[in-house]
Amino acid sequence: MRLISGRTKVCGVIGDPIEHTMSPVMHNAAFSKLGLDYVYLPFRVTAQELGKAVEGARALNIRGLNITIPHKVAILPFLDKLDPLAEKIGAINTIVNDGGVLIGYNTDATGFLQALLEQGIEPKGKKVAVLGAGGASRAISFILAERGAKLVILNRQPARAEELAQRIAQVFKREVKALALNEENLAGILAEAEILVNTTSLGMSPEVDKTPVPARLLKSSLVVFDIVYNPIKTRLLKEAELAGAKTINGLEMLVWQGALAFEKWTGQQAPLDLMKEVATEALGHED
Ligand code: ATR
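Cut-offs applied
Residues numbered from 1 in each chain as written. Predicted model: local features only at pLDDT ≥ 70, side-chain atom pairs only at ≥ 80, totals over all residues. Heavy atoms only, no water. Pairing = 2+ DSSP bridges. Helix = DSSP H or I, 4+ residues; strand = E, 2+ residues; numbered from the N terminus. Near = heavy atom within 4 Å. Polar contact = N/O pair within 3.5 Å; in protein donor to acceptor, adjacent residues only side chain to side chain. Areas by Shrake-Rupley, 256 points an atom, 1.4 Å probe, with all protein chains shown as cover. Nonpolar A, V, L, I, M, F, W, Y, C, P; charged D, E, K, R; others polar. Phe/Tyr/Trp six-rings, centres within 6.5 Å; stacked < 30°, edge-to-face > 60°. Buried < 20%, exposed > 50% of the residue type's maximum accessible area, 1.4 Å probe, protein only. Patch = residues over 30% accessible without salt bridge, like charges linked within 9 Å, V, L, I, M, F, W, Y side chains within 5 Å. Salt bridge = Lys/Arg side-chain N within 4 Å of Asp/Glu carboxyl O. Lys, Arg positive; Asp, Glu negative; His and termini not counted. Charge placed at Lys NZ, Arg CZ, Asp CG, Glu CD. Domains from an automatic or database assignment. Contact = heavy atoms within 4.5 Å. Buried area = accessible area lost by both parts, 1.4 Å probe.

> Give me the sheet that holds strand β4 (residues 81-82): which residues, what numbers.
Strand order across the open sheet formed by six strands is β2-β1-β3-β5-β6-β4, with mixed pairing between neighbours. One side of each edge strand has no neighbouring strand; the edge strands of this open sheet are β2 (38-44) and β4. The pairing of strand β5 (residues 94-98) with strand β6 (residues 101-105) spans five bridges and is antiparallel. When the sheet's bridge partners are listed, Val-96 is paired in β6 with Ile-103.

Here it is as C-alpha coordinates:
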(Lines give C-alpha, C1' and ligand atoms only; values in the text may rest on other atoms or scores of the structure.)
Protein backbone atom coordinates (compact mmCIF):
# COMPACT_ATOMS: atom_id res chain seq x y z
CA MET A 1 0.00 0.00 0.00
CA ARG A 2 1.16 3.54 -0.78
CA LEU A 3 2.12 5.70 2.17
CA ILE A 4 0.53 9.08 2.61
CA SER A 5 3.15 11.73 3.30
CA GLY A 6 3.43 15.47 3.74
CA ARG A 7 3.70 15.79 -0.03
CA THR A 8 0.60 13.77 -0.91
CA LYS A 9 -1.91 15.67 -3.06
CA VAL A 10 -5.57 15.29 -2.09
CA CYS A 11 -8.54 14.83 -4.41
CA GLY A 12 -12.08 13.74 -3.64
CA VAL A 13 -15.76 13.65 -4.47
CA ILE A 14 -18.55 15.57 -2.79
CA GLY A 15 -22.20 14.55 -2.91
CA ASP A 16 -25.13 13.46 -0.78
CA PRO A 17 -25.51 10.51 -0.50
CA ILE A 18 -21.95 9.44 -1.26
CA GLU A 19 -21.69 5.84 0.03
CA HIS A 20 -22.19 4.23 -3.41
CA THR A 21 -19.68 6.29 -5.40
CA MET A 22 -17.33 4.29 -7.61
CA SER A 23 -14.86 7.19 -7.92
CA PRO A 24 -12.54 6.48 -4.95
CA VAL A 25 -11.74 2.93 -6.11
CA MET A 26 -11.15 4.05 -9.69
CA HIS A 27 -8.92 7.02 -8.85
CA ASN A 28 -6.91 5.44 -6.04
CA ALA A 29 -6.19 2.39 -8.22
CA ALA A 30 -5.11 4.71 -11.03
CA PHE A 31 -2.85 6.80 -8.75
CA SER A 32 -1.18 3.63 -7.44
CA LYS A 33 -0.65 2.14 -10.87
CA LEU A 34 1.07 5.30 -12.12
CA GLY A 35 3.03 5.74 -8.86
CA LEU A 36 1.47 9.17 -8.29
CA ASP A 37 1.57 10.64 -4.78
CA TYR A 38 -2.17 11.40 -4.69
CA VAL A 39 -5.10 10.18 -2.61
CA TYR A 40 -8.84 10.36 -3.36
CA LEU A 41 -11.52 10.54 -0.65
CA PRO A 42 -15.35 10.62 -0.47
CA PHE A 43 -16.98 13.57 1.33
CA ARG A 44 -20.67 13.66 2.21
CA VAL A 45 -21.70 17.32 1.95
CA THR A 46 -25.29 18.52 2.40
CA ALA A 47 -26.78 21.25 0.21
CA GLN A 48 -26.62 23.75 3.09
CA GLU A 49 -22.88 23.15 3.59
CA LEU A 50 -21.89 23.26 -0.08
CA GLY A 51 -20.39 26.77 -0.05
CA LYS A 52 -18.41 26.04 3.11
CA ALA A 53 -17.16 22.78 1.62
CA VAL A 54 -15.83 24.58 -1.48
CA GLU A 55 -14.13 27.25 0.65
CA GLY A 56 -12.70 24.46 2.81
CA ALA A 57 -11.34 22.69 -0.25
CA ARG A 58 -9.69 25.93 -1.33
CA ALA A 59 -8.23 26.57 2.14
CA LEU A 60 -6.95 23.00 2.38
CA ASN A 61 -5.42 23.25 -1.07
CA ILE A 62 -7.26 20.19 -2.31
CA ARG A 63 -6.07 19.58 -5.88
CA GLY A 64 -9.27 18.34 -7.43
CA LEU A 65 -12.86 17.40 -6.76
CA ASN A 66 -15.63 15.53 -8.43
CA ILE A 67 -19.11 16.84 -7.79
CA THR A 68 -22.06 14.51 -7.80
CA ILE A 69 -25.77 14.49 -7.03
CA PRO A 70 -27.31 16.85 -5.89
CA HIS A 71 -24.66 19.59 -6.28
CA LYS A 72 -23.77 19.67 -9.99
CA VAL A 73 -25.70 22.89 -10.67
CA ALA A 74 -25.76 24.53 -7.22
CA ILE A 75 -21.95 24.58 -7.03
CA LEU A 76 -21.50 26.96 -9.98
CA PRO A 77 -21.60 30.27 -8.02
CA PHE A 78 -18.75 29.08 -5.75
CA LEU A 79 -16.26 28.59 -8.60
CA ASP A 80 -13.81 31.13 -10.03
CA LYS A 81 -13.93 30.02 -13.66
CA LEU A 82 -15.93 27.71 -15.90
CA ASP A 83 -14.83 25.82 -18.94
CA PRO A 84 -16.91 27.16 -21.92
CA LEU A 85 -18.79 23.88 -22.48
CA ALA A 86 -19.58 23.55 -18.76
CA GLU A 87 -20.88 27.10 -18.82
CA LYS A 88 -23.22 26.30 -21.70
CA ILE A 89 -24.45 23.14 -19.97
CA GLY A 90 -24.91 24.95 -16.65
CA ALA A 91 -23.62 22.02 -14.60
CA ILE A 92 -20.22 20.59 -13.66
CA ASN A 93 -18.85 17.37 -12.20
CA THR A 94 -15.14 18.24 -11.89
CA ILE A 95 -13.13 21.02 -10.24
CA VAL A 96 -9.44 21.66 -10.76
CA ASN A 97 -7.72 23.81 -8.13
CA ASP A 98 -5.09 25.70 -10.06
CA GLY A 99 -3.05 27.50 -7.40
CA GLY A 100 -6.17 28.66 -5.56
CA VAL A 101 -8.25 29.30 -8.69
CA LEU A 102 -11.15 26.82 -8.88
CA ILE A 103 -12.10 25.88 -12.44
CA GLY A 104 -15.22 23.86 -13.24
CA TYR A 105 -15.51 21.26 -16.03
CA ASN A 106 -18.16 18.82 -17.18
CA THR A 107 -16.44 15.51 -17.90
CA ASP A 108 -19.83 13.74 -17.83
CA ALA A 109 -20.38 15.39 -21.20
CA THR A 110 -16.89 14.89 -22.61
CA GLY A 111 -16.69 11.39 -21.07
CA PHE A 112 -19.92 10.40 -22.80
CA LEU A 113 -18.58 11.63 -26.15
CA GLN A 114 -15.23 9.84 -25.66
CA ALA A 115 -17.05 6.59 -24.85
CA LEU A 116 -18.92 6.88 -28.17
CA LEU A 117 -15.85 7.85 -30.18
CA GLU A 118 -13.79 5.04 -28.63
CA GLN A 119 -16.30 2.58 -30.10
CA GLY A 120 -15.88 4.15 -33.50
CA ILE A 121 -19.20 6.02 -33.37
CA GLU A 122 -19.13 9.62 -34.63
CA PRO A 123 -22.41 11.36 -33.74
CA LYS A 124 -21.81 14.34 -36.07
CA GLY A 125 -24.68 14.54 -38.56
CA LYS A 126 -26.39 11.45 -37.10
CA LYS A 127 -29.99 11.24 -35.91
CA VAL A 128 -29.79 10.70 -32.17
CA ALA A 129 -32.72 9.97 -29.83
CA VAL A 130 -32.01 10.89 -26.19
CA LEU A 131 -34.41 9.46 -23.60
CA GLY A 132 -34.76 11.61 -20.47
CA ALA A 133 -34.42 15.32 -19.74
CA GLY A 134 -32.79 15.38 -16.29
CA GLY A 135 -29.25 16.30 -15.24
CA ALA A 136 -27.52 13.51 -17.13
CA SER A 137 -29.48 14.23 -20.30
CA ARG A 138 -28.53 17.90 -20.07
CA ALA A 139 -24.78 17.17 -20.25
CA ILE A 140 -25.22 14.53 -22.96
CA SER A 141 -27.69 16.47 -25.11
CA PHE A 142 -25.50 19.60 -25.04
CA ILE A 143 -22.36 17.81 -26.15
CA LEU A 144 -24.24 15.88 -28.85
CA ALA A 145 -25.64 19.16 -30.18
CA GLU A 146 -22.20 20.78 -30.02
CA ARG A 147 -20.76 17.87 -31.96
CA GLY A 148 -23.39 18.37 -34.68
CA ALA A 149 -25.84 15.51 -34.03
CA LYS A 150 -29.49 15.83 -35.08
CA LEU A 151 -31.19 15.57 -31.71
CA VAL A 152 -34.58 14.42 -30.50
CA ILE A 153 -35.19 14.48 -26.74
CA LEU A 154 -38.01 12.27 -25.43
CA ASN A 155 -39.15 12.56 -21.83
CA ARG A 156 -41.99 11.26 -19.65
CA GLN A 157 -42.81 14.88 -18.74
CA PRO A 158 -42.70 16.44 -22.22
CA ALA A 159 -42.44 19.98 -20.82
CA ARG A 160 -38.95 19.16 -19.43
CA ALA A 161 -37.84 17.85 -22.84
CA GLU A 162 -39.21 20.98 -24.46
CA GLU A 163 -37.37 23.26 -22.05
CA LEU A 164 -34.05 21.47 -22.54
CA ALA A 165 -34.50 21.40 -26.33
CA GLN A 166 -35.18 25.14 -26.38
CA ARG A 167 -32.07 25.94 -24.33
CA ILE A 168 -29.89 23.85 -26.62
CA ALA A 169 -31.50 25.31 -29.74
CA GLN A 170 -30.79 28.80 -28.43
CA VAL A 171 -27.13 28.13 -27.61
CA PHE A 172 -26.22 26.25 -30.79
CA LYS A 173 -28.69 27.90 -33.20
CA ARG A 174 -29.95 24.53 -34.42
CA GLU A 175 -33.27 22.72 -34.30
CA VAL A 176 -33.77 20.25 -31.45
CA LYS A 177 -37.00 18.21 -31.32
CA ALA A 178 -38.79 17.41 -28.08
CA LEU A 179 -41.44 14.72 -27.60
CA ALA A 180 -43.27 12.81 -24.91
CA LEU A 181 -41.63 9.46 -24.12
CA ASN A 182 -44.31 7.00 -25.22
CA GLU A 183 -44.52 3.98 -27.49
CA GLU A 184 -46.03 5.81 -30.43
CA ASN A 185 -43.38 8.54 -30.49
CA LEU A 186 -40.61 6.01 -29.96
CA ALA A 187 -41.85 3.95 -32.91
CA GLY A 188 -41.77 7.02 -35.17
CA ILE A 189 -38.38 8.25 -34.01
CA LEU A 190 -36.60 4.89 -33.88
CA ALA A 191 -37.64 4.08 -37.44
CA GLU A 192 -35.10 6.72 -38.48
CA ALA A 193 -32.68 7.16 -35.56
CA GLU A 194 -29.11 5.89 -35.79
CA ILE A 195 -28.16 6.28 -32.12
CA LEU A 196 -30.36 5.80 -29.03
CA VAL A 197 -29.17 7.02 -25.62
CA ASN A 198 -31.01 6.16 -22.41
CA THR A 199 -30.41 8.72 -19.66
CA THR A 200 -33.50 7.80 -17.62
CA SER A 201 -33.21 5.64 -14.53
CA LEU A 202 -35.47 2.96 -16.04
CA GLY A 203 -33.79 -0.44 -15.72
CA MET A 204 -31.53 0.59 -12.87
CA SER A 205 -31.16 -1.80 -9.92
CA PRO A 206 -33.37 -2.90 -8.18
CA GLU A 207 -35.90 -2.41 -11.02
CA VAL A 208 -33.84 -4.41 -13.49
CA ASP A 209 -36.88 -5.79 -15.35
CA LYS A 210 -37.87 -2.32 -16.58
CA THR A 211 -36.90 -0.83 -19.92
CA PRO A 212 -37.71 2.49 -21.61
CA VAL A 213 -38.09 0.93 -25.10
CA PRO A 214 -40.25 -2.02 -26.20
CA ALA A 215 -37.96 -4.70 -27.67
CA ARG A 216 -39.86 -4.79 -30.98
CA LEU A 217 -38.69 -1.23 -31.74
CA LEU A 218 -34.99 -2.12 -31.54
CA LYS A 219 -33.09 -2.98 -34.74
CA SER A 220 -29.63 -3.98 -35.88
CA SER A 221 -28.78 -0.64 -37.49
CA LEU A 222 -29.07 1.17 -34.13
CA VAL A 223 -26.29 2.00 -31.67
CA VAL A 224 -27.80 1.74 -28.18
CA PHE A 225 -25.99 3.51 -25.33
CA ASP A 226 -27.49 3.02 -21.86
CA ILE A 227 -25.81 5.24 -19.26
CA VAL A 228 -27.19 3.10 -16.39
CA TYR A 229 -24.21 1.12 -15.02
CA ASN A 230 -25.91 -0.82 -12.25
CA PRO A 231 -26.49 -3.43 -13.65
CA ILE A 232 -23.79 -3.15 -16.33
CA LYS A 233 -26.01 -5.00 -18.82
CA THR A 234 -29.52 -3.57 -18.49
CA ARG A 235 -32.63 -5.13 -19.99
CA LEU A 236 -32.47 -2.47 -22.73
CA LEU A 237 -28.92 -3.52 -23.65
CA LYS A 238 -29.79 -7.24 -23.57
CA GLU A 239 -32.74 -6.70 -25.90
CA ALA A 240 -30.70 -4.39 -28.15
CA GLU A 241 -28.04 -7.07 -28.41
CA LEU A 242 -30.68 -9.67 -29.32
CA ALA A 243 -31.91 -7.31 -32.05
CA GLY A 244 -28.37 -7.22 -33.44
CA ALA A 245 -27.69 -3.62 -32.39
CA LYS A 246 -24.30 -2.34 -31.29
CA THR A 247 -24.41 -1.62 -27.54
CA ILE A 248 -22.41 0.59 -25.16
CA ASN A 249 -22.90 0.31 -21.39
CA GLY A 250 -22.87 2.96 -18.69
CA LEU A 251 -19.57 1.80 -17.25
CA GLU A 252 -17.85 3.24 -20.34
CA MET A 253 -19.17 6.73 -19.56
CA LEU A 254 -18.45 6.34 -15.84
CA VAL A 255 -14.84 5.38 -16.51
CA TRP A 256 -14.30 8.05 -19.17
CA GLN A 257 -15.66 10.89 -17.01
CA GLY A 258 -13.25 9.71 -14.30
CA ALA A 259 -10.33 9.34 -16.70
CA LEU A 260 -10.77 12.87 -18.09
CA ALA A 261 -10.92 14.33 -14.54
CA PHE A 262 -7.82 12.30 -13.58
CA GLU A 263 -5.92 13.73 -16.55
CA LYS A 264 -6.82 17.29 -15.54
CA TRP A 265 -5.57 16.80 -11.96
CA THR A 266 -2.41 14.84 -12.72
CA GLY A 267 -1.42 15.76 -16.27
CA GLN A 268 -0.98 12.01 -16.89
CA GLN A 269 -2.91 9.69 -19.17
CA ALA A 270 -5.39 7.67 -17.11
CA PRO A 271 -5.09 3.85 -17.03
CA LEU A 272 -8.54 3.30 -18.51
CA ASP A 273 -8.56 -0.52 -18.49
CA LEU A 274 -7.56 -0.69 -14.84
CA MET A 275 -10.21 1.86 -13.88
CA LYS A 276 -12.82 -0.20 -15.73
CA GLU A 277 -11.63 -3.38 -14.05
CA VAL A 278 -11.78 -2.02 -10.48
CA ALA A 279 -15.15 -0.31 -11.08
CA THR A 280 -16.58 -3.58 -12.44
CA GLU A 281 -15.27 -5.40 -9.36
CA ALA A 282 -16.67 -2.79 -6.99
CA LEU A 283 -20.08 -2.95 -8.72
CA GLY A 284 -20.09 -6.70 -8.15
CA HIS A 285 -19.79 -6.00 -4.43
CA GLU A 286 -22.66 -3.48 -4.29
CA ASP A 287 -25.60 -4.55 -2.13
P1 ATR B 1 -30.30 12.32 -13.70
O2 ATR B 1 -29.42 13.38 -13.10
O3 ATR B 1 -29.80 10.93 -13.51
O4 ATR B 1 -30.64 12.62 -15.13
P5 ATR B 1 -32.91 13.28 -12.90
O6 ATR B 1 -32.51 14.69 -13.16
O7 ATR B 1 -33.70 12.97 -11.67
O8 ATR B 1 -31.64 12.33 -12.83
O9 ATR B 1 -33.69 12.73 -14.19
C10 ATR B 1 -34.25 11.46 -14.24
C11 ATR B 1 -34.77 11.20 -15.65
O12 ATR B 1 -35.34 9.89 -15.69
C13 ATR B 1 -35.90 12.14 -16.05
O14 ATR B 1 -35.85 12.34 -17.45
C15 ATR B 1 -37.14 11.35 -15.66
O16 ATR B 1 -38.31 11.70 -16.38
P17 ATR B 1 -39.27 12.91 -15.85
O18 ATR B 1 -38.55 14.19 -16.15
O19 ATR B 1 -40.51 12.77 -16.66
O20 ATR B 1 -39.47 12.67 -14.38
C21 ATR B 1 -36.70 9.96 -16.06
N22 ATR B 1 -37.45 8.92 -15.37
C23 ATR B 1 -37.31 8.49 -14.09
N24 ATR B 1 -38.18 7.49 -13.81
C25 ATR B 1 -38.90 7.28 -14.95
C26 ATR B 1 -39.95 6.40 -15.33
N27 ATR B 1 -40.45 5.51 -14.46
N28 ATR B 1 -40.43 6.47 -16.59
C29 ATR B 1 -39.93 7.35 -17.47
N30 ATR B 1 -38.94 8.22 -17.20
C31 ATR B 1 -38.43 8.18 -15.96
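> Help me get a handle on the site of the ligand, residues and values and all.
Lining the immediate environment of the ligand, one finds Gly-132, Ala-133, Gly-134, Gly-135, Ala-136, Asn-155, Arg-156, Gln-157, Arg-160, Thr-200, Ser-201 and Leu-202. Arg-156 is positioned such that a nitrogen or oxygen atom in its side chain is 2.8 Å from an oxygen atom of the ligand. Within the backbone of Gln-157, an N or O atom sits 2.8 Å from an oxygen atom of the ligand. Here the ligand, which alone exposes 640 Å², has 70% of that area covered by the protein. Of the residues that constitute the shell around the ligand, the class distribution is three nonpolar, seven polar and two charged.

> Quick rundown of the packing of aromatic side chains? Include the residues and the values.
In this structure the tally under the stated criterion is five aromatic pairs. Plain terms: the ring middles of Phe-31 and Phe-262 are 5.3 Å apart, the flat faces sit at 25° to each other, and that makes the pair stacked. With Phe-31 in helix α1 (residues 23-34) and Phe-262 in helix α9 (residues 250-266), this pair connects stretches of sequence that are 231 residues apart. Note on Phe-31: relative accessible area 0%, which makes it buried. Ring centres 4.8 Å apart and planes at 25° place the aromatic pair Phe-112 and Phe-225 in the stacked group. Remark: Phe-225 occurs in strand β11 (residues 223-226) and Phe-112 occurs in helix α4 (residues 107-118); sequence separation between them is 113 residues. Owing to a relative accessible area of 0%, Phe-225 belongs among the buried residues under this scheme. In this structure an aromatic cluster arises from ring pairing among Phe-31, Tyr-38 and Phe-262.

> Tell me about a negative patch on the surface, residues and numbers included.
On the surface, Glu-118, Asp-273, Glu-277 and Glu-281 cluster together into a negatively charged patch. Along the polypeptide, Glu-118 turns up in helix α4. A relative accessible area of 38% means that Glu-118 is categorised as partly exposed.

> Describe in detail the domain arrangement of the chain, supporting the description with residues and values.
For the chain, the assigned domains read domain 1 (9-105 + 254-282) and domain 2 (109-248). Between the C-alpha centres of domain 1 and domain 2 there is a distance of 26 Å. The interface of domain 1 with domain 2 comprises 13 residues on the first partner and 16 residues on the second. Surface buried jointly by domain 1 and domain 2 totals about 1200 Å² across both partners, of which 70% is contributed by carbon and sulfur atoms. The largest share of the area that domain 1 buries against domain 2 comes from Lys-88, Ile-89 and Trp-256, three residues that together contribute 50% of it. Our count for the domain 1 to domain 2 interface comes out at four residue pairs in polar contact (both at pLDDT 80 or more). Among the secondary structure elements, those contributing two or more residues to the side of domain 1 that touches domain 2 are α3 (84-89), α9 and α10 (272-284). Looking at which element gives the most residues to the side of domain 1 that touches domain 2, the answer is α9, with four residues. Of the residues in the side of domain 1 that touches domain 2, the class split is nine nonpolar, three polar and one charged.

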